[in-house]
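Each chain, letter by letter, is given below.
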Amino acid sequence: MIPFFLFISVIIIQRLIELMIARKNEKWMKEQGALEFGTNHYPFIVLMHSLFFLVLVFEKIAFSRELSPIWPLLAAVFIFAQLMRVWAISSLGRYWNTKIIVLPNVDVVRKGPYRFIKHPNYLVVSIELLVVPLFYGAYVTACLFTLLNILMLSVRIPAEERALRELTEYEGSFEKCNRFLPKMLNKYDN
């Protein structure tokens, strides 16, 4: 049980550090004239992510969930997701945030994972909401929060893309990118 709580604690501490980074970035961006969008759905995102940990801990304890027999594979996927998270956050630098905050007329970031896909951070979150519970056999949590995340992203991503299209050259910058999976090169690509 101690390794489980240590693992969850590390993830929670990581999230709290990310929130501190986001607040610092938000302050800087708003001082530069950035606008915030999606304020109506943001509290639901925070609620979903908070409930994720509570439900995961409840399922683990209440149903005596054990470490998955495929934990090495899940650990590798989790580590990949963490590396992708760091890459995405560092690529956006001061523009990274947990909120939809857009600075008008700035160049859209097209480095790091953003060279290949539009939303690497949302991909990472989607992977984590599935893999972390599966690591401990918490199938209910994995299914429930994967479905909630799909619902949340169906609101969040269009709102973010609409804000970026309105205030930046987003559409032209990402016309050859998919949201989550890189496009495969073929002989017809330029």
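How each quantity is defined
- Residues numbered from 1 in each chain as written.
- Predicted model: local features only at pLDDT ≥ 70, side-chain atom pairs only at ≥ 80, totals over all residues.
- Heavy atoms only, no water.
- pLDDT = per-residue confidence, 0-100.
- Contact = heavy atoms within 4.5 Å.
- Salt bridge = Lys/Arg side-chain N within 4 Å of Asp/Glu carboxyl O.
- Helix = DSSP H or I, 4+ residues; strand = E, 2+ residues; numbered from the N terminus.
- Buried < 20%, exposed > 50% of the residue type's maximum accessible area, 1.4 Å probe, protein only.
- Core = buried A, V, L, I, M, F, W, Y, C linked by side-chain atoms within 4.5 Å.
- Phe/Tyr/Trp six-rings, centres within 6.5 Å; stacked < 30°, edge-to-face > 60°.
- Lys NZ or Arg CZ within 6 Å of the ring centre and 35° of its normal.
- Axes fitted to C-alpha atoms, helices over the stretch in contact; angles between N-to-C directions.
- Parallel < 35°, antiparallel > 145°, perpendicular 65-115°, else oblique.
- Nonpolar A, V, L, I, M, F, W, Y, C, P; charged D, E, K, R; others polar.

Trainee: Can you lay out the confidence of the model for the protein chain for me, pointing to particular residues and giving the numbers?
Mentor: In the predicted model, the protein chain carries a mean pLDDT of 94, and the fraction of residues at 70 or more is 96%. Across residues 186-190, confidence stays below pLDDT 50; counting only partners more than four residues off in sequence or on other chains, it has two contacts.

Trainee: Lay out the pattern of salt bridges with the relevant residues and their values.
Mentor: All chains considered together, the criterion is met by eleven salt bridges. Linking Glu18 and Arg85 is a salt bridge whose minimum nitrogen-to-oxygen distance equals 3.3 Å. On the criterion of sequence distance, the pair formed by Glu18 in helix α1 (residues 2-31) and Arg85 in helix α3 (residues 71-92) is long-range, its members being 67 residues apart. Side by side, Glu18 and Arg85 carry an identical accessibility label, which is buried. Between Arg165 and Glu171 there is a salt bridge, with its nearest N and O atoms 3.8 Å apart. A relative accessible area of 43% places Glu171 in the partly exposed class.

Trainee: Please set out the nonpolar core residue by residue, giving values where relevant.
Mentor: Counting 27 residues, the largest nonpolar core has Phe7, Ile8, Ile11, Phe52, Leu56, Phe78 and Val132 as its most contacted members. Those elements that place two or more of their residues in this core are α1, α2 (42-62), α3, α4 (120-135) and α5 (139-167). In terms of residue count, α4 provides more of this core than any other element does, eight residues in total. Residues within four places of Leu56 in sequence aside, it is in contact with Phe4, Ile8, Val132, Pro133, Ala138 and Thr141. In terms of nonpolar packing, the next biggest core, distinct from the first, is built from 18 residues, Ala22, Trp96, Val109 and Cys177 among them.

Trainee: Go over the packing of aromatic side chains, please, and point to the residues and values.
Mentor: Tallied over the entire structure, the rule returns 13 aromatic pairs. Plain terms: the ring middles of Phe4 and Tyr136 are 4.8 Å apart, the flat faces sit at 85° to each other, and that makes the pair edge-to-face. Of this pair, Phe4 sits in helix α1 while Tyr136 sits in the loop between α4 and α5, and the two are 132 residues apart along the sequence. Residue classification places Tyr136 among the buried positions, given a relative accessible area of 7%. Seen from their ring centres, Phe7 and Phe78 are 5.1 Å apart, and the 65° between their planes marks the pair as edge-to-face. In this pair, Phe7 is assigned in helix α1 and Phe78 in helix α3, connecting sequence segments 71 residues apart. Put simply, the rings of Phe4, Phe5, Phe7, Trp71, Phe78, Phe135 and Tyr136 pair up and form one aromatic cluster. Positioned above the aromatic ring of Phe4 is the side chain of Lys60, whose terminal nitrogen or guanidinium carbon lies 5.6 Å from the ring centre. For the cation-ring pair, Arg110 lies above Phe174, with the distance from its terminal atom to the ring centre recorded as 4.6 Å.

Trainee: Now, about the packing of α1 against α2: what can you tell me, with residues and values included?
Mentor: Two elements in contact, α1 and α2, have axes separated by 11 Å at closest approach and are oriented at 170°. Comparing the axis directions of α1 and α2 gives the class roughly antiparallel. Residues Phe4, Phe5, Ile8, Ile11, Ile12, Arg15 and Leu19 of α1 form the contact with α2, whose participating residues are Tyr42, Phe53, Leu56, Val57, Lys60 and Ile61. Residue composition of the contact of α1 with α2, by class: eleven nonpolar, no polar and two charged.

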